[in-house]
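Next come the chains, spelled out residue by residue.
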Amino acid sequence: MATPTLDKVEAESAASPYITVTLRIRRFNPEVSDEAQWQDFRIEIDPKERVLDALHKVKWDIDGTLTFRRSCAHGICGSDAMRINGKNRLACKTLIKDVNPEKPITVEAIKGLTVLKDLVVDMDPFFQAYRDVMPFLITKGNEPTRERLQSPEDRERFDDTTKCILCAACTSSCPVFWNDGQYFGPAAIVNAHRFIFDSRDEGGEQRLEILNDRDGVWRCRTTFNCTDACPRGIEVTKAIQEVKRALITRRF
Ligand code: SF4
Ligand code: FES
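Residues numbered from 1 in each chain as written. Chains lettered and ligands numbered in written order. Predicted model: local features only at pLDDT ≥ 70, side-chain atom pairs only at ≥ 80, totals over all residues. Heavy atoms only, no water.

Engineer: Tell me what's going on with the sheet that holds strand β1 (residues 19-27), and back it up with residues and numbers.
Structural biologist: Across the sheet, which stays open at both edges, the 5 strands sit in the order β2-β1-β5-β3-β4 with mixed pairing between neighbours. The open sheet has two free edges, formed respectively by β2 (37-45) and β4 (87-90), since each of these has just one partner strand. Taken pair by pair, the neighbouring strands of this sheet meet at an average axis angle of 35°, ignoring direction. Across 4 bridges, strand β3 (residues 81-84) lies against β4 in antiparallel orientation. The partner of A81 across the bridge, within β4, is L90. Contacting β1, β2, β3 and β5 (105-108), helix α2 (residues 51-62) runs over the sheet at an angle of about 100° to β2. (Pairing = 2+ DSSP bridges. Helix = DSSP H or I, 4+ residues; strand = E, 2+ residues; numbered from the N terminus. Axes fitted to C-alpha atoms, helices over the stretch in contact; angles between N-to-C directions. Contact = heavy atoms within 4.5 Å.)

Pasting the structure below:
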């Protein structure tokens, strides 16, 4: 077999898309220590790959104890929200090249929910708030024999809030939620909005009363963190404002 020339080796090396990056991950294992600590991992990766791919490299090739959630890997299931360089994002939607790979890329669990291990938090309070706003169609009377009709204009009224994937990036970026986990949080309000403004639904008054609670919409301080954090581009703060307005006017 012919030995590759030095020129050829150099050319191939110059064409390699791989770079070396440092992932700085906040580790926590309650079976080992009460304290979380940062741990650095150096990996080779194509900058067009995602932070989720980098986490997989660490878990599969370096340290199998690293714990994080993911499922679809395509921005649909909402399971891999985490703080990347101090900002809530989905690891599967964040490219390495977009998070300044020349410096260590910090990865930690989302805030405001109890960390169970590494990047995994206890989502129970988040989903309890979601359940509390009754995220399902409420109607009275007999079932229609055919589908419940709705005009395109009426459907458009709540289209934005149907896009939620329950990732918790909004709720866990909210300073009110950090200070007091009793607040329903943006995601629950977004999902209440989705039904309050649905012309087929008849449970709007009930949901508004639930959100009129001391831990409801009035706790929102309009910081817009939630809107910035939402990977689906939902206008979260606007939805919260619309629910507040509906509470005042009782028109929705
Ligand atoms: S509103 Fe956006 S950030 Fe909040 S849970 Fe839904 S998809 Fe995630
Ligand atoms: S793994 Fe499903 S949204 Fe990222």
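What follows picks up the thread again.
Engineer: I'd like to hear about the packing of helix α6 (residues 186-196) against helix α9 (residues 236-249), residue by residue, with values.
Structural biologist: Describing two packed helices takes the angle between their axes plus the distance from one axis to the other. Two elements in contact, α6 and α9, have axes separated by 9 Å at closest approach and are oriented at 60°. As far as their axial angle goes, α9 and α6 are oblique. In terms of crossing hand, the pair formed by α6 and α9 is left-handed. Contact with α6, carried on its side by P186, I189, V190, H193 and I196, involves V236, A239, I240, E242 and V243 of α9 and no other residues of that element. Class assignment for the residues of the contact of α6 with α9 results in 8 nonpolar, 1 polar and 1 charged. (Parallel < 35°, antiparallel > 145°, perpendicular 65-115°, else oblique. Left-handed = near helix turned anticlockwise from the far one by under 90°. Nonpolar A, V, L, I, M, F, W, Y, C, P; charged D, E, K, R; others polar.)

Engineer: Break down the packing of α6 against helix α7 (residues 204-211) for me, citing the residues and quoting the values.
Structural biologist: In contact at an axis separation of 9 Å, α6 and α7 are set at 155° when each is read in the N-to-C sense. One way to sum up the angle between α6 and α7 is to call them roughly antiparallel. For the element pair α6 and α7, the recorded crossing hand is left-handed. Across the interface between the two elements, I189, A192, F195 and I196 from α6 touch G204, R207, L208 and L211 from α7. Each residue belonging to the contact of α6 with α7 can be placed in one class, and the counts come to 6 nonpolar, 1 polar and 1 charged.

Engineer: Describe the environment of D160, listing the residues and the values that go with them.
Structural biologist: Mapped onto the elements, D160 comes out in the loop between α4 (152-156) and α5 (175-179). Beyond its immediate sequence surroundings of up to four residues, D160 is in contact with G233, I234 and E235. Looking at D160, its side chain comes within polar contact range of the side chain of K163, at 3.1 Å. (Polar contact = N/O pair within 3.5 Å; in protein donor to acceptor, adjacent residues only side chain to side chain.)

Engineer: Please set out the environment of N100 residue by residue, giving values where relevant.
Structural biologist: By secondary structure assignment, the location of N100 is in the loop between β4 and β5. Under the relative-accessibility criterion, N100 is labelled partly exposed at 36%. Considering only alpha carbons, one finds N100 and N85, 15 residues apart in sequence, at a separation of 9.0 Å. (Buried < 20%, exposed > 50% of the residue type's maximum accessible area, 1.4 Å probe, protein only.)

Engineer: Tell me about the packing of aromatic side chains, and please be specific about residues and values.
Structural biologist: Tallied over the entire structure, the rule returns 2 aromatic pairs. An angle of 80° between the planes, with centres 5.1 Å apart, marks the rings of F126 and F127 as edge-to-face. Using a relative accessible area of 5% as the deciding quantity, one classes F126 as buried. Among the aromatic side chains, those forming a connected cluster through ring pairs are F126, F127 and Y130. Here the guanidinium or amino end of K111 rests over the ring plane of W178, the centre of that ring lying 3.8 Å away. Across the ring face of F195, the terminal group of R194 is positioned such that the distance to the ring centre comes to 4.0 Å. (Phe/Tyr/Trp six-rings, centres within 6.5 Å; stacked < 30°, edge-to-face > 60°. Lys NZ or Arg CZ within 6 Å of the ring centre and 35° of its normal.)

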